[in-house]
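Architecture at a glance
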Amino acid sequence: MAFKVTGDEQGEWNVLRVSGELDLVTSPVLRQQVHEAVAQGRHHLVLDLSEVFFCDSSGVGVLIAARRLIRSCQGHLRLILPARGAVDGSHVNRVLGALGVRRLFDVYPDLAAAVDEEPLSA
């Protein structure tokens, strides 16, 4: 599966759907997409990682940097990881847990849950 990032709007939320491998080669693409969204004034961002089957430390670095950037704009970042989570194969979930950084993120099982609540006012 080739790496791909697609975006759309869901109410107040800008949604970036990521698929493939999030690694040293592909993570700059996601970083750029996040920066473009923020530059366009979209500070409520959902990253749908349910189709990411591999994530290395550079991918995790992009997620942490995205969190920092969004928070600096008083925005909100939410991640979508499969409902079955680390037990049944979400590689990203396992990597974030192993590195001890999963607690930094608001994680949801699917898009409906991630965009259900309105972002809290800054």
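Scroll up a little and you will see the structure.
All of the points below concern the structure found in this document. (Residues numbered from 1 in each chain as written. Predicted model: local features only at pLDDT ≥ 70, side-chain atom pairs only at ≥ 80, totals over all residues. Heavy atoms only, no water.)

**Details of the environment of alanine 65**
Assignment of secondary structure puts alanine 65 in helix α2 (residues 57–72). Remark: the alpha-carbon pair of alanine 65 and valine 34, spanning 31 residues in sequence, is separated by 9.6 Å. (Helix = DSSP H or I, 4+ residues; strand = E, 2+ residues; numbered from the N terminus.)

**A short note on the pairing of strand β4 (residues 76–80)**
Within β4, five of the five residues are buried, which leaves the element mostly enclosed by the surrounding structure. Burial along β4 is two-sided: the face carrying His76, Arg78 and Ile80 and the face carrying Leu77 and Leu79 are both buried. Here strand β3 (residues 44–55) runs beside β4; their pairing, made up of five bridges, is parallel. Directly across from valine 46, in β4, lies its bridge partner arginine 78. What joins β3 to β4 is α2, and the crossover it makes is right-handed. Direction of pairing for β4 relative to strand β5 (residues 106–108): parallel, over a ladder of three bridges. Paired with arginine 78 across the strands is aspartate 106, a residue of β5. (Buried < 20%, exposed > 50% of the residue type's maximum accessible area, 1.4 Å probe, protein only. Pairing = 2+ DSSP bridges. Right-handed = clockwise from strand over helix to strand, strands pointing away.)

**Some points on the nonpolar core**
Counting residues in each nonpolar core, the largest one holds 25 residues, and the members touching the most others are Leu30, Leu47, Leu49, Leu63 and Leu96. Elements represented by at least two residues in this core include exactly β2 (13–22), α1 (27–39), β3, α2, β4 and α3 (91–98). Leave out the neighbours within four places in its chain, and leucine 49 touches Val18, Leu63, Leu79, Ile80, Leu81 and Val92. Counting eight residues, the second largest nonpolar core, distinct from the first, contains Val15, Val46, Tyr108 and Val115. (Core = buried A, V, L, I, M, F, W, Y, C linked by side-chain atoms within 4.5 Å. Contact = heavy atoms within 4.5 Å.)

**Digging into the sheet that holds strand β1 (residues 4–10)**
Ordered in space as β1-β2-β3-β4-β5, the five strands form an open sheet in which the pairing is mixed. Each edge of the open sheet carries a strand with a single partner, namely β1 and β5. Going from strand to strand, the sheet's axes swing by 25 degrees on average, the running direction of each strand aside. Across seven bridges, β1 lies against β2 in antiparallel orientation. Following the sheet pairing, glycine 7 is matched in β2 by leucine 16. Contacts from α1 reach β1, β2 and β3 within the one sheet, and its direction differs from that of β2 by about 175 degrees. Sheet contacts for α2: β2, β3 and β4; angle to β4, the most-contacted strand, approximately 150 degrees. (Axes fitted to C-alpha atoms, helices over the stretch in contact; angles between N-to-C directions.)

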